[in-house]
Amino acid sequence: MAFLPDYAELYCLSNFSFLKGASHPEELVIQAGSLSYQAIAITDECSLAGVVRAHRAAKTHHIKLIIGSFFQIDTQLSLILIAPDRAAYGQLSALISLARSQAKKGSYQLSRSDLQGSVPNCLALLVVEPSSPDEIVQWAASTFPHRAWLTTSLHQDGQDTARLAHCQALAARFSLPAVASGAVLMHRQGRRALQDTLTAIRLNCPVSTLGRQLASNGERHLKPRQRLARSYPESMLAETIAIAKRCTFSLDVLRYEYPAELVPAGHTPASWLRVLTERGAAQHWPAGVPAKVTAMIEHELELIHALNYEPYFLTVHDVVAFARQQNILCQGRGSAANSAVCFCLGITSVDPSRASLLFERFISRERNEPPDIDVDFEHDRREEVIQYIYRKYGRHRAALAATVICYREKSALRDVSKALGGNPNSALCQQLTQTLIGFPRHLSQHVGGFVISRGPLSELVPTENAAMAGRSIIQWDKDDLESLGLLKVDCLALGMLSAIHRCFDLIAAHHGRTLSLAQVPADDKTVYDMLCRADTVGVFQVESRAQMSMLPRLRPRSFYDLIIQISIVRPGPIQGDMVHPYLRRREGKETVTYPSAEVKAVLERTLGVPIFQEQVMQLVIVAAGFSPGEADQVRRAMAAWKKRGGLGHFRKRLLDGMAARGYAPEFAERLYDQICGFGDYGFPESHAASFALLVYVSAWLKCHYPAAFTCALLNSQPMGFYAPAQLVADVRAHQVQVLPVDVRYSDWDCTLEPSDSCQPALRLGLRLIKGLGHAVGQRIMHSREHGAAFANVADLTHRAQLDRGALRALADAGALAGITGHRHQAWWQVLGVERPTPLFSATHNKESIPTLNPPTEAQDVVGDYRSMGLTLGRHPIALLREPLRKRGYRPASELKQKAHRRIARAAGLVINRQRPGAAKGVMFLTLEDETGIVNVVVWRNLAERHQHLLYQVRLLGVVGIWERRGDVEHLIAGRFENEDPFLGNLENQIT
């Protein structure tokens, strides 16, 4: 056998050089290992976005990874910079950050002057082409003394001889070593077609038109060493090994340091965390901290100290403390949030003794996982929190984590078919589409995950401009950060917190009662009674029709029941067939059994059924013998397998491990199926506990203060499952008086007014009027507050400086009826309003106003819906009841009296359409009429045949089978009728 020289590939672009590289970083690393390379460098263009994935693969496959980056400085200068040590890595990361900061998102800009002295420890490889001038070699030699090489790549394109000769001549002339490199774009030659397709997508041209813009052949792949030995001089191959030996840096040496300013002088992180915790405990329990709580605090502080996580908790506390100082409602959730320490720090309002959750379930020495605390802030005030972080730490020390936007089937098929000329059904198009799925497309910003560092963040990971002005993102996503043990603080937005805060303010103003999340009375029987009736329109997390169907069956009576409730109606438990067994056991229809005491310890709280992600991880440890680290790999695989696969290799390990411990094969197979189900999205118990508090609080507010709760929801739109029309109809059904929009009384927001009942009346606000701007609403309020009542439309126009568009919007909504009489009079007066000119500003012409007939009821109803999307008059279906009844349709109230499995006909406005992924193509519709709602189930085949009808028709007639199981009722659709012409008849009454 001929001698095979050792080789290290120093020039590889992965698919994180977006739309250039045609292989994943992991594929490149694995292929390099199979070819027995000594090392491989991932050198994506001005990016380190793919190196963490390459690092994980390199550790698994025992090959050395070198980290570098490629830069196109100008048309003649192409440069590869390699980081041999930690200092060089920091310099390279900072240079990438600089280049990205000098250009718009998605691009970079770097000049030769930027390289002067900025990367003194990096190794430089100057890419040589036959046209490369002496000048750039001279520049490289002087800029990178004793650490510059010339490199060229040979691709059998007819220029290899000239390219190699020129490189060697320049090397001899300037006394620089020459080194081989592959300019690799793919791990194997079979990716050639995909690489051409990516080029076409990047250039936005079909492949057939690109000509010489495409690679001349498929040679830019990792090659066997035999071929390399035939192509390159031995000295150039040997130089790759010399460079690789100089590179000792590994991402494992990165260490995250928290901001030092969080700990005052004279304290350590541990002592200061204890001070803050004890201070918070004293505030929660002014009469003395209960012994049980004290024990929990001591235990948690000891565990936090053992894992050196005090700075993390202090960082989160600092952000939350700012929010509370600014009266911004917030609530923590996540693996570490539901603890006594976080309760005392004000990070969460969940009393851990109320939830009965064990701290070790989320943080443990054995798993050695970083803590995870997501903090939800009011959605319209989160930006204040984000700007506080930037002000406190600066953009050089704080940035958002990235989210890698990857190709999915639809986007991949669209781009590939366009690149290939528009035939999506061709075999080649289908093949390339499947390969492209999962490829990164670009970096976006995480919804709120901040990385905050003690020193410049750019020396830890490159940063770049986000799409939103004034924000920076790092080039790694949350999985990359977790792989390296780098912690992030999640600052997220939640609309329900805005609504709850507004509701608290309304209750304080109109009822004189001050509330907070922690002060809402617990375990209120009337609240749980309401939940069991599924009276949950507007209630956080349990207002969807799936949750409403589950509530009467699960019948929550405790806080932990709410944790179960919001977790069980998820794709994970549904796909894993966990819902019905749990319900049968809860109802006493099925005996709860456990195959072992270890399994019982994990599943007893959920009646032997795994509902939470944490339980699945615990099960693979206690039942299959997985190590904590392997269990963490299962968790990662659960989250990613739908996109990238990755659960299959755990199956044999799981089944063999359980068989060795005496578990039946049926139990093992069922557990594996349940794990696969969680790949469709299972809910962590740690998050469910915090969400359950918001479920309870919002339900309590709806139960005891329905007017204030609905007012707050309307002022927080858009949010939630229901439109304002359904929220208003629901609160009226709860005997709350709702008053119309009226320029004489309405503010921009909806408000509460005194009434004769125990609940105040709800006045609709100007914000509900379509086409009316916030500034207009503010001018109306200001002119009303600083003057007499509006005398007429002209007076309103003059004082509030309204234009014709604003007047029309007000007239259409009926908001001028209080000063004109009705809509028709309002329209007439609006038409007669003229803006005074400077010459005649003091002139007032009084014209008589004709008496017009008022609009019909139908005209008012249609006008309300057109202008506001709701009406306080009769429901439009009430006006159509007689003709609908003649067609055999019965109102919702009559359907509820029907027996199980009877033919039924229903018609109503389609207010909701759902087609969840876990339902396997089944569509769920909600029809609304004047008496209530009808839930409709549409099987997949029927939904696909009538897709246009189901998505376009507003007034839909359904004929099907009425089903009733206890308190759960729905109509199984058999056929549909388009009844929109009836609505047209109503609308025609306006013209």
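On a predicted model such as this, the values are computed, not experimentally measured, just so you know.

Reading the values: the criteria
Residues numbered from 1 in each chain as written. Predicted model: local features only at pLDDT ≥ 70, side-chain atom pairs only at ≥ 80, totals over all residues. Heavy atoms only, no water. 1 Å grid on protein atoms, 1.4 Å probe; cavity = no way out; pocket = protein on both sides within 12 Å on 5 of 7 lines; lining within 4 Å. Points joined across faces, edges and corners; volume = space filled by probe spheres on them. Nonpolar A, V, L, I, M, F, W, Y, C, P; charged D, E, K, R; others polar. UniProt positions renumbered as here; feature names shortened; annotations may be inferred. Helix = DSSP H or I, 4+ residues; strand = E, 2+ residues; numbered from the N terminus. Pairing = 2+ DSSP bridges. Domains from an automatic or database assignment. Buried < 20%, exposed > 50% of the residue type's maximum accessible area, 1.4 Å probe, protein only. Contact = heavy atoms within 4.5 Å. Salt bridge = Lys/Arg side-chain N within 4 Å of Asp/Glu carboxyl O. Polar contact = N/O pair within 3.5 Å; in protein donor to acceptor, adjacent residues only side chain to side chain. Axes fitted to C-alpha atoms, helices over the stretch in contact; angles between N-to-C directions. Parallel < 35°, antiparallel > 145°, perpendicular 65-115°, else oblique. Left-handed = near helix turned anticlockwise from the far one by under 90°.

*Asks:* Which parts of the structure should I look at to understand empty space enclosed by the protein?
*Replies:* Rolling a probe over the atoms, with the probe sized like a water molecule, indicates the empty space that remains. Tallied over the entire structure, the rule returns four cavities of 30 Å³ or more. By volume, the largest cavity amounts to about 60 Å³. Contributing to the lining of the largest cavity are 14 residues, with Glu9, Gly182, His221, Lys223 and Leu228 lying nearest its centre. Among the residues forming the lining of the largest cavity, the class breakdown is seven nonpolar, five polar and two charged. Taken as a whole, the second largest cavity spans an internal volume of roughly 50 Å³. Lining the second largest cavity we find Met496, Gly538, Glu543, Leu713, Gln717, Met719, Gly720, Phe721, Tyr722 and Leu727. Residues belonging to the lining of the second largest cavity are distributed by class as follows: six nonpolar, three polar and one charged.

*Asks:* Where do I start with the UniProt feature "domain: Polymerase/histidinol phosphatase N-terminal" (unreviewed entry) in the protein in this structure?
*Replies:* Following the UniProt record, one finds the feature "domain: Polymerase/histidinol phosphatase N-terminal" (unreviewed entry) at residues 8-75. Span residues 8-75 is 31% helix and 22% strand, its end C-alpha atoms 27 Å apart.

*Asks:* Any chance you could explain the sheet that holds strand β17 (residues 761-763) here in plain terms?
*Replies:* Where strands meet in a sheet, backbone hydrogen bonds hold them as pairs that are either parallel or antiparallel. Read from one edge to the other, the open sheet built from three strands follows the order β15-β17-β16, with strand pairing classed as mixed. Unpaired on one side and paired on the other, β15 (738-739) and β16 (751-753) mark the two borders of the sheet. Across three bridges, the pairing between β16 and β17 is antiparallel. Counted as the bridge partner of Glu753 is Ala761 from β17.

*Asks:* Any chance you could explain the domain arrangement of the protein here in plain terms?
*Replies:* Reports of interface size often rely on the accessible area that becomes lost once the parts have come together. Assigned domains within the protein: domain 1 (8-253), domain 2 (254-378), domain 3 (737-840 + 851-868) and domain 4 (876-989). Taken over C-alpha atoms, the centre of domain 1 sits 46 Å from the centre of domain 2.

*Asks:* Help me out: how do you make sense of the side chain of Arg881 in this one?
*Replies:* Within the secondary structure, Arg881 is located in helix α39 (residues 881-886). A relative accessible area of 7% places Arg881 in the buried class. With residues near it in sequence (within four places) discarded, Arg881 still touches Tyr889, Arg890, Pro891, Asp929 and Glu930.

*Asks:* I keep staring at the pattern of salt bridges and nothing clicks. Help me out?
*Replies:* Where charged atoms of side chains with opposite charge meet at close range, the side chains can pair. Applying the stated criterion across every chain, the model contains 56 salt bridges. One salt bridge connects Asp380 with Arg502, and the closest N-O pair in it is separated by 2.6 Å. Here Asp380, found in the loop between β9 (374-378) and α14 (382-393), pairs with Arg502, found in helix α18 (residues 495-511); they are 122 residues apart in sequence, far enough to count as distant. The class of Arg502 is partly exposed, set by a relative accessible area of 24%. Across the salt bridge formed by Glu930 and Arg881, the nearest N and O atoms sit 2.9 Å from each other. Residue Glu930 is found in the loop between β19 (923-929) and β20 (932-938), and its partner Arg881 is found in helix α39; the two are separated by 49 residues along the sequence. Taken together, the salt bridges that share partners define one network made up of Arg53, Arg56, Asp477 and Asp480.

*Asks:* Could you clarify how one ought to interpret the side chain of Ser339 in this entry?
*Replies:* Residue position: Ser339 is located in the loop between β8 (330-333) and α12 (340-345). Here Ser339 falls in the buried class, since its relative accessible area comes to 0%. Only 3.1 Å separates the side chain of Ser339 from the backbone nitrogen of Cys342, close enough to count as a polar contact.

*Asks:* Would you explain the packing of helix α1 (residues 25-34) against helix α2 (residues 51-61) in this entry?
*Replies:* Helices that pack against each other are described as a pair by the angle of their axes relative to one another and the distance between those axes. Two elements in contact, α1 and α2, have axes separated by 8 Å at closest approach and are oriented at 30°. When the axes of α1 and α2 are compared, the pair comes out roughly parallel. Handedness of the crossing formed by α1 with α2: right-handed. In this structure, α1 uses Pro25, Glu26, Val29 and Ile30 to contact α2, whose residues at the interface are Arg53, Ala54, Ala57, Ala58 and His61.

*Asks:* In this structure, what is going on with the pairing of β9? I would like to understand it.
*Replies:* Of all five residues that make up β9, five are buried, and the element is covered over most of its length. Sheet topology places β8 next to β9; four bridges connect them, and they run antiparallel. Paired with Cys330 across the bridge in β9 is Phe377. Pairing between β9 and strand β14 (residues 489-494): five bridges, direction parallel. Across the sheet, Phe377 pairs through a bridge with Ala493, a residue of β14.

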